[in-house]
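# Geometric and topological summary
Spelled out from the first residue to the last, the chains are:
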Amino acid sequence: MLRRLCQCRARQLQPFRRFHDARVYKEDPRWLGWQVVIGIETHAQIKSRRKLFSESLTSVPGETPNTHVSMFDAAFPGTLPKLNHKCVDLALRAAVALQSDIQTRSSFDRKHYFYSDLPSGYQITQQYAPIAIGGRLSVALPNSPPFEVRIKQIQLEQDTAKSTLNPRTRTSHIDLNRAGTGLMEIVSEPDLRSPDEAGAYVRALQAVLRAVGASDGNMEQGSLRCDVNVSINRVGQPPGTRCEIKNLNSVRFMIAAITHEITRQRAILESAPDPQNATVPQETRGFDEHRFETYKLRSKEDAPDYRYMPDPNLGVLVLSQERIRTVRDTLPELPWETRERLRSAYGLSERDVDVLLNIDSGRDVSFDGETQGPNASVIAYFDQLCAEEGDEGKRRRDPKAVSNWITHELLGQLAARKETFKDNHLSVDQLGELIDMVQNKTITGTSGKLLLRHMLANPSKTPTMQIATELQLTALEPCPDSTSSDTPVHSPALRALCADAIAALPAESDAARKGNRNVLNKIVGRVMKDSHGRADAKAVRALLEELLLPR
Ligand SMILES: Nc1ncnc2c1ncn2[C@@H]1O[C@H](COP(=O)(O)OP(=O)(O)OP(=O)(O)O)[C@@H](O)[C@H]1O
Ligand SMILES: [Mg+2]
Ligand SMILES: [Mg+2]
């Protein structure tokens, strides 16, 4: 359904101002007089069931080492690469979403270096003719207008194996499960100007890759890793020499690494004998996650000569216009499109939209990247809960109430169970019925929360109403304002509860009889507690006022 919707609809443009439309830089008080320039190389694992050039299945961290390895991944002599077109299509999705110019002819090169995590001694990459060139991404920091980051290119390449050093036994263990997994390297132009902008860029990119199903984009699990290039220059001067910080695997670390790097480069430039003409030595650096500092890996002079050469076993990758068009036409809803739809179709506030879009829906996008949107399962869940019904297209539920139930109650209770949205087993009908029951006051909000907790802990297909009845959670009486009568008839059960509370709190009851309204709160609280949330606080107060307050 969504796919057809996306095909018919003209694509929503990314909301941004062009980068070169005089973006006004506010100088950062932390480094007054200096401008920071940042460009990011993002390595995103492609969400394909199989590796880029072999038939073996991809794996996730934690699986038994060396169980997803074909002869080719282990670089057995005589084995040949065979390009996995699923990976190509997923990379194309990312390229289209980033408005990158897909190349109808691209090719693969060998990048040589010797390290234990690279069995063949070279990595297959696209150094000379990448699959897509150019592009742009809209990025926004809170409370400021979105800006554009230009994409330089997107290239396909292989991931390496994983080596783990055991310092105690002084041994290195190699796990080839990751070797040969498809990666997209997405290279940005040096358009970012602060650590926070860099963080926002990576988050925006992550959202796009997830939305199109091209990558999990999970930094913790290593499916998204960044090399960050940082330089500084005096305001008004040309950009300085960049240092590249390798392999950052969290936005927090990235922000810390850039911040440290700026301070380090500034100290070098300011302490030089001729500060105006000083330059920072070009280096490749690592980030120490314990000290929150970058450290030198190698200088430009030590930079390896990768001896790039075209891979003779792989021909030119030719993409037909037809294939590119199909990818373009079947692209799922993109983050800015979802944002706009949630705002305009449901009238949700910016804040509610943010919360919904930021829910981690886990690994819910299918491997084949079937038509999904950002946070596909959460948004689909929300859409279905609010769906229109009947010929008049009336909304079944209030979108604001649904969004509250999902973001506060459901996610809150899942979090208390150390679970996330992907562990939610409540069907749309079950949660929908629960929301309806609270809305029409069949149960109170408090009972609704109890019911939700019970249903999450006890998965079943029993209709929500039946569970509420079995647990005796249905409201003691309808809330007064839901009835047409001004003087509601209170149920015997509620009357009994109030009588018990009055008897249990004689001093407070006496004070209330003398006209002390404040003390009534305590008696209301007692009734609420005794009713286990089944009583409506307003009804209780009304009844107690009737029973106690002087007329
Ligand atoms: N003066 C600069 N300051 C900060 N970043 C820069 C500067 N000049 C270029 N960059 C960024 O450096 C990155 C260079 O990446 P690219 O992949 O093109 O080359 P590389 O780092 O030399 O190669 P490799 O892929 O082998 O690491 C880009 O993201 C670019 O935006
Ligand atoms: Mg690069
Ligand atoms: Mg680089």
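Because the structure is a prediction, the values reported are computed rather than measured.

All right, on to the overall build of the chain then. Across its full length, the chain holds 16 helices and 19 strands. Evaluated residue by residue, the chain yields a buried proportion of 49% over its 551 residues. Residue pairs at least 24 apart in sequence account for 68% of intrachain contacts in the chain once pairs closer than 6 positions are excluded. Looking at the chain as shown, the accessible area adds up to about 27400 Å², and 51% of this sits on carbon and sulfur atoms.

The next subject is the site of ligand 1. Around ligand 1, a shell composed of 18 residues is seen, among which Glu-41, Lys-152, Ser-188, Pro-190 and Ser-231 lie nearest. Contact between ligand 1 and Glu-41: an oxygen atom at 3.0 Å from a side-chain N or O atom of the residue. Between ligand 1 and Glu-244 there is a distance of 3.1 Å, counted from an oxygen atom to a side-chain nitrogen or oxygen. For ligand 1, whose accessible area on its own is 640 Å², the fraction buried by protein is 77%. Those elements that place two or more of their residues in the shell around ligand 1 are strand E1 (34-45), strand E11 (182-188), strand E12 (224-234) and strand E13 (243-248). For the shell around ligand 1, the element with the most residues is E1, which contributes four residues.

This next bit is on the pattern of salt bridges. Where side chains of opposite charge bring their charged atoms close, a pairing between them can arise. The full count for this structure, using the stated rule, is 34 salt bridges. Taking the shortest distance from any N to any O, the salt bridge between Asp-436 and Arg-397 comes out at 2.8 Å. Highlighted residues: Asp-436 in helix H10 (residues 428-439) and Arg-397 in the loop between strand E19 (394-395) and helix H9 (399-416), separated in sequence by 39 residues. With its nearest N and O atoms 3.7 Å apart, the salt bridge here joins Glu-546 to Arg-495. Placement of Glu-546 in helix H16 (residues 537-548) and of Arg-495 in helix H13 (residues 492-504) is noted, with a sequence separation of 51 residues between them. Its relative accessible area of 36% is what places Glu-546 among the partly exposed residues. Within this structure, Arg-339, Glu-340, Arg-343, Glu-350 and Asp-354 form a network of salt bridges that share partners.

Turning to the coordination of the magnesium ion (ligand 3), a few remarks are in order. Within the first shell, the magnesium ion (ligand 3) binds the protein through Glu-41 (OE), Glu-41 (OE), Glu-244 (OE) and Glu-244 (OE), at distances of 2.2 to 2.6 Å. Metal-centred angles of 53 to 156 degrees between the six donor atoms at the magnesium ion (ligand 3) mark the site as irregular.

Glancing now at the coordination of the magnesium ion (ligand 2). Surrounding the magnesium ion (ligand 2) are the protein donor atoms Glu-41 (OE) and Glu-185 (OE), at 2.1 Å. Looking at Glu-41, the relative accessible area reads 15%, which means it is buried. A residue is classified by how much of its surface remains accessible, and Glu-185, at 8% relative accessible area, is buried.

Time to look at the sheet that holds strand E16 (residues 309-310). Strand order across the open sheet formed by three strands is E5-E4-E16, with antiparallel pairing between neighbours. Looking at which strands have only one partner, the edges of the open sheet turn out to be strand E5 (122-125) and E16. Pairing analysis gives four bridges linking strand E4 (residues 109-112) to E5, with the strands arranged antiparallel. Bridging across to E5, Lys-111 finds its partner in Gln-123.

We now examine unusual backbone geometry. We note that Ala-75 has phi near 60 degrees; this positive angle belongs to a residue other than glycine. By secondary structure assignment, the location of Ala-75 is in the loop between E1 and helix H2 (85-97). Taking relative accessible area as the criterion, Ala-75 reaches 26% and is therefore assigned partly exposed.

What follows concerns the packing of aromatic side chains. Using the criterion set out here, one finds nine aromatic pairs in the structure. A ring pair is formed by Phe-253 and Phe-287, whose centres lie 5.7 Å apart and whose planes are at 45 degrees; its orientation type is tilted. In this pair, Phe-253 is assigned in helix H4 (residues 251-271) and Phe-287 in strand E14 (residues 283-288), connecting sequence segments 34 residues apart. The residues Phe-253 and Phe-287 share a single accessibility class, namely buried. Grouped by ring-pair contacts, the aromatic residues Tyr-113, Tyr-128, Tyr-306 and Tyr-308 constitute a single cluster.

Note that Asn-424 resides in the loop between H9 and H10. Separated by 13 residues in sequence, Asn-424 and Leu-411 have C-alpha atoms that sit 8.9 Å apart. What Asn-424 contacts, discounting residues up to four positions off in sequence, is Tyr-381, Leu-410, Leu-414 and Leu-456. Within polar-contact distance, the side chain of Asn-424 engages the side chain of Tyr-381 at 3.1 Å.

Right, let's get into the environment of Val-402. Its location among the elements puts Val-402 in helix H9. The spatial distance from the C-alpha of Val-402 to the C-alpha of Gly-432 is 8.3 Å, given a sequence separation of 30 residues. Sequence-distant contacts of Val-402, that is, excluding residues within four places in its chain, are made with Phe-382, Leu-385, Cys-386, Arg-397 and Ile-435.

Turning to H16, a few remarks are in order. In a regular helix each residue adds 1.5 Å, so 12 residues correspond to 16 Å; H16 covers 16 Å between its end C-alpha atoms and thus fits that length. Buried residues along H16 sit in contact with H13, helix H14 (506-513) and helix H15 (520-530). Measuring from the side-chain oxygen of the N-cap residue of H16 to the backbone nitrogen of Lys-538 gives 3.0 Å; that N-cap residue is Asp-536.

Attention now goes to the nonpolar core. In terms of nonpolar packing, the biggest core is built from 74 residues, with Ile-40, Met-184 and Tyr-201 touching the most fellow members. Broken down by element, the residue count for this core peaks at nine residues, all from H2. Looking at this core, you find at least three residues from each of domain 1 (35-302 + 313-318) and domain 2 (329-470). The residues contacting Tyr-201, other than those within four sequence positions of it, are Ile-40, Thr-42, Leu-137, Val-139, Val-149, Ile-151, Ile-186, Ser-188 and Leu-192. Counting 35 residues, the second largest nonpolar core, distinct from the first, contains Leu-348, Val-438, Leu-456 and Ala-468.

This part covers the pairing of E4. Neither face of E4 is open: one carries Asp-109 and Lys-111, the other Arg-110 and His-112, and all of them are buried. By the bridge criterion, two bridges tie E4 to E16 in an arrangement that is antiparallel. From the neighbouring strand, Arg-110 faces E16, where its bridge partner is Met-309.

Here the focus is the packing of H13 against H15. The contact between H13 and H15 brings their axes to 9 Å, and the two run at 125 degrees. The orientation of H13 relative to H15 falls into the category oblique. The way H13 lies across H15 gives a crossing that is right-handed. Between H13 and H15, the residues in contact are Leu-494, Leu-497, Cys-498, Ala-501, Ile-502 and Ala-504 and Ile-523, Arg-526, Val-527 and Asp-530, respectively. The residue inventory of the contact of H13 with H15, partitioned by class, reads eight nonpolar, no polar and two charged.

Cut-offs applied
- Residues numbered from 1 in each chain as written.
- Chains lettered and ligands numbered in written order.
- Predicted model: local features only at pLDDT ≥ 70, side-chain atom pairs only at ≥ 80, totals over all residues.
- Heavy atoms only, no water.
- Helix = DSSP H or I, 4+ residues; strand = E, 2+ residues; numbered from the N terminus.
- Buried < 20%, exposed > 50% of the residue type's maximum accessible area, 1.4 Å probe, protein only.
- Contact = heavy atoms within 4.5 Å.
- Areas by Shrake-Rupley, 256 points an atom, 1.4 Å probe, with all protein chains shown as cover.
- Near = heavy atom within 4 Å.
- Polar contact = N/O pair within 3.5 Å; in protein donor to acceptor, adjacent residues only side chain to side chain.
- Salt bridge = Lys/Arg side-chain N within 4 Å of Asp/Glu carboxyl O.
- Donors = N, O, S within 2.8 Å, 3.2 Å for Na, K, Ca; no water.
- Tetrahedral: all angles 85-135°; square planar, octahedral: opposite > 155°, others 65-115°.
- Pairing = 2+ DSSP bridges.
- Phe/Tyr/Trp six-rings, centres within 6.5 Å; stacked < 30°, edge-to-face > 60°.
- Expected span 1.5 Å × (residues − 1).
- Core = buried A, V, L, I, M, F, W, Y, C linked by side-chain atoms within 4.5 Å.
- Domains from an automatic or database assignment.
- Axes fitted to C-alpha atoms, helices over the stretch in contact; angles between N-to-C directions.
- Parallel < 35°, antiparallel > 145°, perpendicular 65-115°, else oblique.
- Left-handed = near helix turned anticlockwise from the far one by under 90°.
- Nonpolar A, V, L, I, M, F, W, Y, C, P; charged D, E, K, R; others polar.

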